[in-house]
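A look at the structure
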Amino acid sequence: MKSDQFPFMLPSPLEKLNFEGCDLWIKRDDLIHPVVSGNKWRKLQGFFQMLGTKEPITTFGGAFSNHLPAAAFAAKYFGHPIMGVVRGEELDATSNGLLAYCHSQGMILEFISRSAYRSLRKQGWIGYEGRLLPEGGAGLHALEGCGEIWKELVHDPDHLVLASGTGTTVLGILAAMPYLCKTRIHVISAVKGALKERAKVEQQASLKQIVLHWEDEVHFGGFGKWSPALIENAEMFEQATGIPLEPNYNAKVWAYLQRTNLEGKVVWIHTGGVRF
Ligand SMILES: Cc1ncc(COP(=O)(O)O)c(C=O)c1O
C-alpha cells in the first residue's frame, strides 16, 4: 500500500499467530495505513469529520511523536492547512526524518521551549489559531474512534493485550465494552510509573467491573528506552511472521506475551507505529 492511498484497510484484519504459549491472535491496526498507522487513524478520524472545508488546524507534539506525521498526512489529504507546534526550540525541520516528513507534507512547524510546551499542556492547548488538535490527537473523538477497535471484534476474547502511552486507546476500548464483560484487559505501559494514566484507566475498568492488569514492569527503562535484546526479539518476530514491531510500544507487548501464561483466546491489538 502506498502512503498516498486512501481509504484505509478497515476493519483491520485479525490474524492467527503460531505461538505455543496460547491461542494468540493479532489485530493488525498497523495495516490501517503506512503513515496514519494503528491507533493514529482511530484517534483522528472523528476530528477530521467535524472540520469545515479547508478549516486550518494547529496541533502539538514531541519531536518523535507518531501523531505529528499522521496529522500532517491526513491534513494534506483532506485539504486543511496545518501547523505543528513542536517541543524543543533547538530543533528544526531537518532534525530528524519524522520532522522532515511533516515539513514535506506542508505542515508549518513551530519550535518552542520545553517550559513553554509544558505550560501549553497545562492550559489545555490554547492560544493558537484554527481548530486545535491536542497532543497525541486526544479528545472525545479519539475515545470514540478507539472504541471501534472493540466493536470490530466478532467474538469477545478471553484476554485483550495492548500497549499504552497516554491511555487514550485503552480508555476508548473500555468505553465501548459492555458492563461486566468477561474479557480481561492487559495494558503494557510504555511509560515508567504513569500513575495518573493508570489511575484513570483502572477507575474506568472498575466502573464497568472489567478485570484489568496494568503492566508497569516491561518498559525496558521507560519511554523511548529499549535494550539490544528487545530489538533482537522484535526482529526475530518480524522474520518469523512478517509483522513489524517498533520498539517503543509493540515490541514491549511481545516481550510481555512471551513471559506471561495466558489461557484461552488472546487478542493483541497491534497499535502500529512508523519508523522514519
Ligand atoms: C504505536 C503506538 N502504540 C501505542 C500508543 C499508545 O497509545 P495511547 O497514547 O492512546 O495509550 C501510541 C501512542 O500514541 C503509539 O504511537
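Scroll up for the structure.
No experiment lies behind these values; they were computed from the predicted model shown. (Residues numbered from 1 in each chain as written. Predicted model: local features only at pLDDT ≥ 70, side-chain atom pairs only at ≥ 80, totals over all residues. Heavy atoms only, no water.)

Focus on the site of the ligand
This is how the line gets drawn: Being near a molecule or strand, for a residue, comes down to having at least one heavy atom within 4 Å of it. In protein, a polar contact means a hydrogen-donor-capable atom and an acceptor-capable atom, both N or O and within 3.5 Å, with residues adjacent in sequence counting only if both atoms are side-chain atoms; elsewhere, any N or O pair within 3.5 Å suffices. In this description, accessible areas are obtained by the Shrake-Rupley approach with a 1.4 Å probe, and a residue is regarded as covered only by the protein chains that are shown. Grid points spaced at 1 Å over the protein atoms alone were grouped into cavities, where a 1.4 Å probe fits but cannot get out, and pockets, open sets with protein on both sides within 12 Å along at least five of seven lines, with lining residues defined by an atom within 4 Å of a point. Grid points define the cavity or pocket, and a molecule sits in it when more than half of its atoms lie within 2 Å of them. Helix and strand assignments follow DSSP, with helices taken as H or I runs no shorter than four residues and strands as E runs no shorter than two, numbered in order from the N terminus. Any residue outside Ala, Val, Leu, Ile, Met, Phe, Trp, Tyr, Cys, Pro, Asp, Glu, Lys and Arg is labelled polar, Gly included; the first ten of those are nonpolar and the last four are charged.
Close to the ligand lie 15 residues, the nearest being K43, G165, T166, T169 and T271. Backbone polar atom of G165 to an oxygen atom of the ligand: 2.8 Å apart, as the coordinates give it. Within the backbone of G167, a nitrogen or oxygen atom sits 2.9 Å from an oxygen atom of the ligand. When the ligand is considered free in solution it has 390 Å² of accessible area, and contact with the protein chains removes 94% of it. Here the ligand is seated within the largest pocket. Elements represented by at least two residues in the shell around the ligand include exactly α1 (39-49) and α6 (168-176). The element best represented in the shell around the ligand is α1, accounting for 3 residues. For the shell around the ligand, the class distribution of residues is 1 nonpolar, 11 polar and 3 charged.

Some points on the packing of aromatic side chains
Rules: Only rings of Phe, Tyr and Trp enter the pairing, Trp through its six-membered ring, and a pair is recorded when the two centres are within 6.5 Å. The plane angle decides the type: under 30 degrees is stacked, over 60 is edge-to-face, the rest tilted. Three labels apply to residues, based on accessible area from a 1.4 Å probe with only protein chains included: buried if under 20% of the type maximum, exposed if over 50%, partly exposed otherwise in between.
All chains considered together, the criterion is met by 12 aromatic pairs. Ring centres of W41 and F78 lie 6.0 Å apart, and the angle between their planes is 15°; on these two criteria the pair is classed as stacked. Of this pair, W41 sits in helix α1 while F78 sits in helix α2 (residues 67-78), and the two are 37 residues apart along the sequence. Take W41: its relative accessible area is 6%, and that puts it in the buried class.

Remarks on the environment of K43
What counts, and what does not: In what follows, a contact means two residues having at least one pair of non-hydrogen atoms within 4.5 Å.
Along the polypeptide, K43 turns up in helix α1. Overall, K43 belongs to the buried group, its relative accessible area being 8%. Among all residues touching K43, those that are not within four sequence positions of it are G136, G137, H141, A142, C146, T166, T168 and T169.

Comments concerning the sheet that holds strand β10 (residues 265-270)
Our working definition: Think of it this way: DSSP has to see at least two bridges between two strands before they count as a pair. Geometry is summarised by axes, namely lines fitted to C-alpha atoms with helices restricted to the contacting stretch, and by angles between N-to-C directions that run from 0 to 180 degrees.
The sheet built from 6 strands is open, its strands ordered β1-β2-β10-β7-β8-β9 with mixed pairing. Two strands lie at the open edges of the sheet, namely β1 (14-16) and β9 (212-215), each paired on one side alone. Looking at each pair of strands side by side, their axes are set apart by 25° on average, direction ignored. Relative to β10, strand β7 (residues 159-164) runs parallel, the two being bridged by 3 bridges. Looking at the pairing, H159 lines up with V266 of β10.

Concerning the packing of α1 against α2
This is how it is decided: When describing relative orientation, an angle under 35 degrees is termed roughly parallel and one over 145 degrees roughly antiparallel, while 65 to 115 degrees is termed roughly perpendicular and anything else oblique. For any pair of crossing helices, the crossing counts as left-handed if the nearer helix is rotated counterclockwise from the farther one by less than a right angle, and right-handed if it is rotated clockwise.
Interhelical geometry of α1 versus α2 gives an angle of 40° and a closest axis separation of 11 Å. In this view, α1 runs oblique relative to α2, as classed from their interaxial angle. The interaxial crossing formed by α1 with α2 has right-handed handedness. The residues of α2 that touch α1, namely those facing K40, W41, L44 and F48, are H67, A70, A71, A74, A75 and F78. Looking at side-chain class alone, the contact of α1 with α2 contains 8 nonpolar, 1 polar and 1 charged residues.

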